[in-house]
Amino acid sequence: MANANLLQNFYIKVEHLTLNPGSTTQESFTQDLSLQAVHVNIQPASKEVLALYGGAFGKAYTIFTTLSGILQTDRLTTVSGIGNPIQYIVKGREEYNYFLGQNFELYVEALA
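Residues numbered from 1 in each chain as written. Predicted model: local features only at pLDDT ≥ 70, side-chain atom pairs only at ≥ 80, totals over all residues. Heavy atoms only, no water.

## What about empty space enclosed by the protein?
The line we're drawing: Think of a 1 Å grid over just the protein atoms. A cavity is a set of points where a 1.4 Å probe fits yet cannot get out, a pocket is an open set with protein on both sides within 12 Å along at least five of seven lines, and lining residues have an atom within 4 Å of a point. Grid points are joined across faces, edges and corners, and a volume is the space filled by probe spheres set on the points. Each helix corresponds to a stretch of at least 4 residues labelled H or I by DSSP, and each strand to a stretch of at least 2 residues labelled E; elements are numbered beginning at the N terminus.
Going through the model one piece at a time under the given rule, you end up with one cavity of 30 Å³ or more. In this structure, the largest cavity encloses a volume near 30 Å³. Lining the largest cavity, in full, are Val 49, Tyr 53, Gly 54, Gly 55, Ala 60, Tyr 61, Lys 91, Tyr 107, Val 108 and Glu 109. At three residues, strand 7 (residues 101-110) tops the list of elements feeding residues into the lining of the largest cavity.

## What to know about the side chain of Glu 15
Applied cut-off: Burial classes: relative accessible area under 20% of the type maximum marks a residue as buried, over 50% as exposed, and values in between as partly exposed (1.4 Å probe, protein chains only). The contact definition used throughout considers only heavy atoms, calling two residues in contact when any of these lie within 4.5 Å.
Mapping Glu 15 onto the fold places it in strand 1 (residues 8-19). Overall, Glu 15 belongs to the buried group, its relative accessible area being 9%. With residues near it in sequence (within four places) discarded, Glu 15 still touches Phe 29, Thr 30, Gln 31, Asp 32, Asp 74, Arg 75 and Thr 77.

Listed below in structure tokens is the structure:
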């Protein structure tokens, strides 16, 4: 039987990093209104993911979803689940096309 703490389903909202209006250097996060309640599965990152993308043990995670539109540098915030909302920064992204459709693995680091 799988450890329930390792298989957690959440809904997240997505914010893209964009240039501030009228600036060429200042950036801020802007909420993507079409990605307000994305269903994801969050699991601790493997040793291989830590080696490829960096991050501290216990703060790095792999997020699985079937919804495209989430990009590297995006900020993700849980909007469901246990406890306070948790924010993550996307450090890497892989796309897999299986016979059932697209699947995405997002490699993220939790912000403290």
